[in-house]
Amino acid sequence: MSRIGRMPIAIPAGVTVTIAENNEVTVKGPKGTLVRELPVEMSIKEEDGHIVVTRPNDLKKMKSLHGLTRTLIHNMIQGVTEGYAKVLEINGVGYRAQKQGKKLVLSLGYSHPVEMEDPEGIETVLEGQNKITVKGISKEKVGQYAAEIRDKRRPEPYKGKGIKYADEVIRRKVGKTGKK
């Protein structure tokens, strides 16, 4: 039995969970509302302040969907109560970020500034000129947008210049050595 799938999800105070047909789960909380269609094969029930996910049989596909479904609901509940945030750091001479309204303008050593529009439900906050915090209630959207920002200039292994996650470790390489 899936260890994660078996665990009941506690519903915190101030959060309402609605399960419609076709397993469309709506989670309302203090930070907003998230709606997601989950696999129809799983049965999702609300029992005395907890959500319980059960699977119909022990086929391999059902086992893998069981843990996934439970985790997705848990992430939605955590999103509407606490929210999610990813921190990115910009390293490099002349590399910087600026905010212009809902636009994020990045100077990354290209001949042009890179402009990125914040997606709906996601906000970017700057600390100084080289720290970007991506915040939102959807874990998936926060992670995706942070990855898109990082893709504009990935960290390189020789000098470590580029955009990296705050908790990411860059494997450094030794440069060329000249002949003597």
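Anything mentioned here points back to the structure above.
Below is a short write-up of the structure.

Rules and cut-offs
- The residue count restarts for each chain, going from 1 along the sequence in the order it is written.
- Since the coordinates come from a predicted model, pLDDT governs what is reported: local features require at least 70, and pairs of side-chain atoms require 80 or more to be given and counted, while whole-chain, interface and lining totals use all residues.
- Note: side-chain values were computed over all heavy atoms of the structure, leaving out hydrogens and water.
- Accessibility here uses a 1.4 Å probe with only protein chains present; expressed as a share of the type maximum, an area under 20% marks a residue as buried, one over 50% as exposed, and anything in between as partly exposed.
- For helices the rule is a DSSP run of H or I covering at least 4 residues; for strands it is a run of E covering at least 2, with both sets numbered from the N terminus onward.
- Here the rule is simple: two strands pair whenever DSSP picks up at least two bridges between them.
- Only the contacting stretch of a helix is used when fitting its axis, a line to C-alpha atoms as for every element, and angles between N-to-C directions run 0 to 180 degrees.
- Here, two residues are considered to be in contact whenever any of their heavy atoms come within 4.5 Å of each other.
- Buried and open spaces are told apart on a 1 Å grid over the protein atoms alone, a cavity being a set of points where a 1.4 Å probe fits but cannot get out and a pocket being an open set with protein on both sides within 12 Å along at least five of seven lines. Residues with an atom within 4 Å of a point are the lining residues.
- Grid points are joined across faces, edges and corners, and a volume is the space filled by probe spheres set on the points.
- Classification convention: Asp, Glu, Lys, Arg as charged; Ala, Val, Leu, Ile, Met, Phe, Trp, Tyr, Cys, Pro as nonpolar; all other residues, Gly among them, as polar.

Regarding the pairing of strand β13 (residues 162–165)
Inference 1: Residues Gly162 and Lys164 point to one face of β13 and Ile163 and Tyr165 to the other, with burial holding for every one of them.
Inference 2: Of the strand pairs in this sheet, strand β7 (residues 84–91) and β13 are connected by 4 bridges, and their pairing is antiparallel. When the bridges of β13 are listed, Asn91 appears paired with Gly162.

Notes on the sheet that holds strand β9 (residues 103–107)
Inference 1: On the basis of which strands lie adjacent, the open sheet formed by 3 strands has the order β8-β9-β10 and antiparallel pairing. Because the sheet does not close on itself, it has two edges, and the strands there are β8 (96–100) and β10 (114–117). With direction set aside, neighbouring strand axes in the sheet form an average angle of 25°.
Inference 2: Here β8 runs beside β9; their pairing, made up of 5 bridges, is antiparallel. Within β9, the residue paired with Arg96 across the bridge is Ser107.
Inference 3: Against the sheet, helix α3 (residues 139–151) makes contact with β9 and β10, and its axis sits at roughly 170° relative to β10, the strand it touches most.

Concerning the layout of surface pockets
Inference 1: Space inside the largest pocket adds up to approximately 290 Å³.
Inference 2: Together, 14 residues line the largest pocket, and Leu34, Arg36, Ser138, Lys139 and Glu140 are the ones closest to its centre.
Inference 3: Counting only elements with at least two residues in the lining of the largest pocket, the list comes to β4 (32–37), α2 (60–81) and α3.
Inference 4: Residues belonging to the lining of the largest pocket are distributed by class as follows: 6 nonpolar, 3 polar and 5 charged.

Topic: the sheet that holds strand β3 (residues 24–29)
Inference 1: Pairing in this open sheet of 3 strands is antiparallel, and the strands run β2-β3-β4 from one edge to the other. The sheet is open, and its two edges are formed by β2 (16–19) and β4, each paired on a single side. Ignoring strand direction, the axes of neighbouring strands in this sheet form an average angle of 15°.
Inference 2: Inspection of the sheet shows β3 paired to β4 by 6 bridges, in the antiparallel sense. Each residue of the ladder has a partner; that of Glu24, found in β4, is Glu37.
Inference 3: Sheet contacts for α2: β2, β3 and β4; angle to β4, the most-contacted strand, approximately 165°.

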